[in-house]
Amino acid sequence: MAAEGCEEMSGNGVLEESSAMDVSEAPPPPPPPPPEPSEENGGAAVAPEAPADPDKYSTAPAAAAANEQGELPADFERLWKAAHDNPQDFTSWTDLLQYCEHEGHVTAYRRALEAFLVRYPLCYGYWKKFADLERRAGDNNKAEEVCIRGLQAIPLSVDLWIHYINLLLGTLDMNLPDSAVRIRSVFENAVASCGLDFHSDRLWDLYIEWEKEHGNMKNAAAVLDRVLRVPTQLYSTHYDKFKEHLNNNPPKDVLSSEEYEELRAICRQSQKAERAEQAQEAEEERPPGEEEPATPEGADSEELMQKIRDQVLLRRDRVYQDNEGEVRKRWNYEDAIKRPYFHVRPLDRLQLRAWHTYLDWEIAELNRDTKDPTPGEDTHDPNQEPAEESEVTTQRQEASADAAAVQGDHRVRILFERCLIACALYEEFWTRYIQYLEPQSVDEARAVYRRACEVHLPNKPNIHMQWATFEERHDDRTEARRVLEALEKTLPGLAVVRIRRAALERRAGQLDQSEALLREAVAESKERPTLHAFYSIKLARLLLKVARNPDGARRVLQEALEISPDNDKLHLNLLDLESSGDPWASAEAVQECVTRALAAPLTPQAKLLLSQRGLQFTEEYSNSVQSVLSVYEAHQKLLDELGGTKREAENGDEDPEKMSKTDDDSSAAVSASNASHVPITTPPPPVMATDPSAQAGYGAYSSWYQQPQYGSYGSYGYQNTWNYNQAYYPPS
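K.L.:
Honestly, the overall build of the protein chain in this entry has me stumped. Any pointers?
P.N.:
The helix and strand inventory of the protein chain stands at 33 helices and zero strands. Split into buried and exposed, the 732 residues of the protein chain put 45% on the buried side. When contacts within the protein chain are restricted to residue pairs at least 6 apart in sequence, long-range pairs at least 24 apart make up 67% of them. In the structure as shown, the protein chain presents an accessible area of about 37600 Å², 49% of it carried by carbon and sulfur atoms.

K.L.:
Please explain the side chain of glutamate 472 as it appears in this structure.
P.N.:
Among the secondary structure elements, glutamate 472 is positioned in helix α20 (residues 461-473). Apart from residues lying up to four places away in sequence, glutamate 472 is in contact with Arg477, Ala480, Leu504 and Arg507.

K.L.:
When you look at the nonpolar core in this model, what are you seeing that I'm missing?
P.N.:
Considering soluble globular proteins, one finds that nonpolar side chains tend to be buried as a cluster. One finds Phe76, Leu96, Cys100, Phe116, Tyr164, Leu203 and Ile308 to be the most contacted residues of the largest nonpolar core, which totals 86 residues. The biggest single contributor to this core is helix α15 (residues 302-336), with nine residues. Residues in contact with leucine 203, not counting those within four places in the same chain, are Val158, Ile162, Ile165, Phe187, Ala190, Val191 and Cys194. In terms of nonpolar packing, the next biggest core, distinct from the first, is built from 42 residues, Leu415, Trp430, Tyr433 and Val483 among them.

K.L.:
Could you clarify how one ought to interpret unusual backbone geometry in this entry?
P.N.:
Peptide bonds are, in most cases, trans, and in most cases residues other than glycine have a negative phi. Located in the positive-phi region is aspartate 475, a residue other than glycine, with phi close to 65°. For aspartate 475, the position within the fold is in the loop between α20 and α21 (477-490). We classify aspartate 475 as exposed; its relative accessible area is 65%. Despite not being glycine, arginine 548 shows a phi value in the positive range, around 55°. Assignment of secondary structure puts arginine 548 in the loop between α24 (529-546) and α25 (550-563). We classify arginine 548 as exposed; its relative accessible area is 66%.

K.L.:
I would appreciate a short explanation of the packing of helix α18 (residues 427-437) against α20 in the present structure.
P.N.:
A packed helix pair is summarised by two numbers, namely the angle formed by the two axes and the spacing between the axes. At a minimum axis distance of 10 Å, the contact between α18 and α20 shows a crossing angle of 20°. Comparing their axes, α20 and α18 come out roughly parallel. Crossing hand, α18 versus α20: right-handed. Mapping the contact onto sequence places Glu427, Trp430 and Thr431 in α18 and Asn462, Ile463 and Gln466 in α20. The residue makeup of the contact of α18 with α20, split by class, is two nonpolar, three polar and one charged.

K.L.:
Just checking my understanding: could you explain the pattern of salt bridges for this structure?
P.N.:
A side chain of one charge can pair with a side chain of the opposite charge when the charged atoms of the two come close. Tallying each qualifying case throughout the model produces 47 salt bridges. In this structure, the salt-bridge partner of glutamate 454 is arginine 450, at a minimum N-O distance of 3.4 Å. Taken together, the residues span about one helical turn, with glutamate 454 and arginine 450 both in helix α19 (residues 442-456) at a distance of four residues. Residue glutamate 454 is classed as partly exposed on the basis of its relative accessible area of 45%. A residue is classified by how much of its surface remains accessible, and arginine 450, at 32% relative accessible area, is partly exposed.

K.L.:
Explain helix α4 (residues 90-103) to me, please; I cannot follow it from the model alone.
P.N.:
Each full turn of the α-helix corresponds to 3.6 residues, which orients residues three or four apart in the same direction. Given a rise of 1.5 Å per residue, 14 residues ought to cover 20 Å, and the 20 Å separating the end C-alpha atoms of α4 matches this to within 8%. Those residues of α4 lying buried are Phe90, Ser92, Trp93, Thr94, Leu96, Leu97, Tyr99 and Cys100. Where α4 is buried, its residues meet α3 (76-85), α5 (106-119) and α6 (124-136).

K.L.:
Got a minute to help me understand the packing of aromatic side chains in this structure?
P.N.:
What characterises a pair of aromatic rings is the spacing of the ring centres plus the angle enclosed by the ring planes. Counted under the stated rule, the structure contains 21 aromatic pairs. Here phenylalanine 90 and tyrosine 120 contribute two aromatic rings whose centre-to-centre distance is 5.0 Å and whose plane-to-plane angle is 90°, an arrangement assigned as edge-to-face. Taken together, the residues span a long stretch of sequence, with phenylalanine 90 in helix α4 and tyrosine 120 in the loop between α5 and α6 at a distance of 30 residues. Its relative accessible area of 8% is what places tyrosine 120 among the buried residues. With a centroid separation of 6.3 Å and 55° between ring planes, the pair formed by tryptophan 93 and phenylalanine 116 is classed as tilted. Placement of tryptophan 93 in helix α4 and of phenylalanine 116 in helix α5 is noted, with a sequence separation of 23 residues between them.

K.L.:
Would you mind showing me how to read the packing of α6 against helix α8 (residues 158-171) here?
P.N.:
Where α6 meets α8, the closest approach of the two axes is 9 Å, and the angle between their N-to-C directions is 15°. Taken together, the axes of α6 and α8 lie roughly parallel to each other. At the point where α6 passes α8, the crossing takes the right-handed sense. Packed against α6, whose contacting residues are Tyr124, Trp127, Lys128, Ala131, Asp132 and Arg135, the element α8 presents Asp159, Leu160, His163, Leu167, Gly170 and Thr171 at the interface. Along the lines of polarity and charge, the residues of the contact of α6 with α8 split into five nonpolar, three polar and four charged.

K.L.:
Can you help me understand α6 in this one?
P.N.:
Counted at 1.5 Å a residue, the expected span for α6 with its 13 residues is 18 Å, and the 19 Å between its end C-alpha atoms agrees. The buried count for α6 comes to ten of 13 residues, which makes it a mostly enclosed element. At the C-terminal side of α6, glycine 138 shows a positive phi close to 90°.

K.L.:
I tried to follow the environment of lysine 538 on my own but got confused; where do I start?
P.N.:
Relative to the helices and strands, lysine 538 is located in helix α24. Its relative accessible area of 10% is what places lysine 538 among the buried residues. The spatial distance from the C-alpha of lysine 538 to the C-alpha of alanine 553 is 9.6 Å, given a sequence separation of 15 residues.

K.L.:
In this structure, what is going on with the environment of proline 87? I would like to understand it.
P.N.:
Looking at where proline 87 falls in the secondary structure, it is placed in the loop between α3 and α4. Sequence separation between proline 87 and alanine 115 is 28 residues; the distance between their C-alpha atoms is 9.7 Å. Not counting chain neighbours up to four residues away, the residues in contact with proline 87 comprise Trp93, Arg119 and Tyr120.

K.L.:
Please explain the confidence of the model for the protein chain as it appears in this structure.
P.N.:
Low-confidence regions, as indicated by low pLDDT, have predicted coordinates that should not be scrutinised in detail. The share of residues in the protein chain with pLDDT of 70 or more is 70%, and the mean pLDDT across the chain is 79. At the level of individual helices and strands, the protein chain shows its lowest average pLDDT in helix α2 (residues 21-25), which scores 36, and its highest in α18, which scores 97. The low-confidence segment residues 49-68 (pLDDT under 50) makes 26 contacts with residues lying over four places distant or belonging to another chain. Overall, residues 374-384 carries pLDDT values under 50, and its contacts beyond four positions in sequence, including any with other chains, amount to four contacts.

Definitions and cut-offs
- Residues numbered from 1 in each chain as written.
- Predicted model: local features only at pLDDT ≥ 70, side-chain atom pairs only at ≥ 80, totals over all residues.
- Heavy atoms only, no water.
- Helix = DSSP H or I, 4+ residues; strand = E, 2+ residues; numbered from the N terminus.
- Buried < 20%, exposed > 50% of the residue type's maximum accessible area, 1.4 Å probe, protein only.
- Contact = heavy atoms within 4.5 Å.
- Areas by Shrake-Rupley, 256 points an atom, 1.4 Å probe, with all protein chains shown as cover.
- Core = buried A, V, L, I, M, F, W, Y, C linked by side-chain atoms within 4.5 Å.
- Axes fitted to C-alpha atoms, helices over the stretch in contact; angles between N-to-C directions.
- Parallel < 35°, antiparallel > 145°, perpendicular 65-115°, else oblique.
- Left-handed = near helix turned anticlockwise from the far one by under 90°.
- Nonpolar A, V, L, I, M, F, W, Y, C, P; charged D, E, K, R; others polar.
- Salt bridge = Lys/Arg side-chain N within 4 Å of Asp/Glu carboxyl O.
- Expected span 1.5 Å × (residues − 1).
- Phe/Tyr/Trp six-rings, centres within 6.5 Å; stacked < 30°, edge-to-face > 60°.
- pLDDT = per-residue confidence, 0-100.

Have a look at this one:
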């Protein structure tokens, strides 16, 4: 986990320059054949078992904790309060931890570490500090439990696995037979979890050296054999160590029994053939009567051992070449990643792009291997019945393809997990990982949602709502409700969450519960008029469209107008509600809405729009031309009072410059327009006892109404009444 070389304390609780020494301790990297990108802490999440009682690690301060080591340090309470008042402030936490470490107060330091690691569990350096604290306090069991908890939180941390193993090596009695078994088991868990990390060489080396120290040469060779197939930064040094190990020990003590016997038989057969050839040549040159010297049959000669070594290296060389190819593929991707560890500081765009590019490539490799599992042409004649050998070959190829697909999937998952260490605070990577996992396993995708929302992104509403949608899509509405309720408790007053909760209940058929949630929101937001109007509109729409209760919707909007008479959206929605009923029965209510709006403290533009809506309703549904004329005259009077141009008023908020240009071309546009766009072609006939000026006015209105731009609904200047395309965050 090489970090940037600076003296600043990193987010992982260690000096960043000190962590860079890890690579320098290992053998120097081979000349850059681009080695593969290692998964910074990549590997299967195989962490040790959890402590029996995790509740004892609660962040709540114990009642008697302060008395364990006397009074707490003088500034502890001040720093503790600063950190807890603003838990998102990483600097407050590090100030508290550094103060406790400097004071050397075990109880204070333990409390601070407990609380900090609940919020930032990916800071592996502080898990190491916590374990060291417990060990210095003389409690090795607690130190081990801390390491186990840390590895459950970040199982891909090579450093933390090595720290845990060193802790066990320093505390276990290795004279007991169970100790070696336990250490080996921990090593196996470690390499299963993070052995595919590009920088995991130190872990593999530690495992190999430990086996050698205990005289287990076969086990050491087996571990070396495994790491030869893993693309790591120092891949070539592992091959050198394998050759050295093989040359320094008899092959029988290094190789598995099966491989040794196989190679021994092959080499003996080869040796016999060579000796037979040599004997034939010697027979021709031997003097007559001299007998052939006897050859020992029982013991294996050094020549045979060397032949076996050569065969072993010949096989391993193929593995090494294949692994080198994998390393070269990934080298540039790994080299682009500059901060593979967690920190609260934002990553720059290049780093985010580097992770996305690496993921794209790894997934593409998996898809390519899945589509073309067995390269090469199939030479079998389809007209012939498959022979037994051909069937066996096909089965082997299928098994090999399945194994390659599993390995490719494992690598993709490891890369995602590595990415989610460095990019834990970025929703996009969590979402992408879930999208990858969901087609394979709903439970695994759910576990990632839980980890993201409950640990790393508790205050990011979008991913919580995605989680709720995920649960609802998979028919677990109970969990979806729980997720949204928990989010609303964490971020109270967020309108989008309440709307999502109401929509969830409506889709579940719980209309009463949906209405109750919106009524509660309306009641709680009376002190915030804009938010109150927003919830009132949502509730009115639910009552009108779903519950078929127009009277209830009307009451909701009218009550909201008493609190926010200057809210044009409330007026528009009430007008739409009245217009949606029986046109003859609701004519009076529509005009009442318009009258109320014109008397309200609205903007001139809003008043003109509402007046225009009333005029349009009257024109479309009125049974009396006199009522049309009356409304039209009132609309014209409003235009004069507000000082706007006729075209501006009649077309809502369109640009006056554009409208003036349209005025110039209006006559040409009318004549060229399609007949379907002209609802009225001539003024109506004269009306008895009607003012001639009114007739002229209505004729002018008729000419305006037949303009071609009114051929579609959108041209009436209707606004997006229900605001579905606007953000869920109304201004406070």
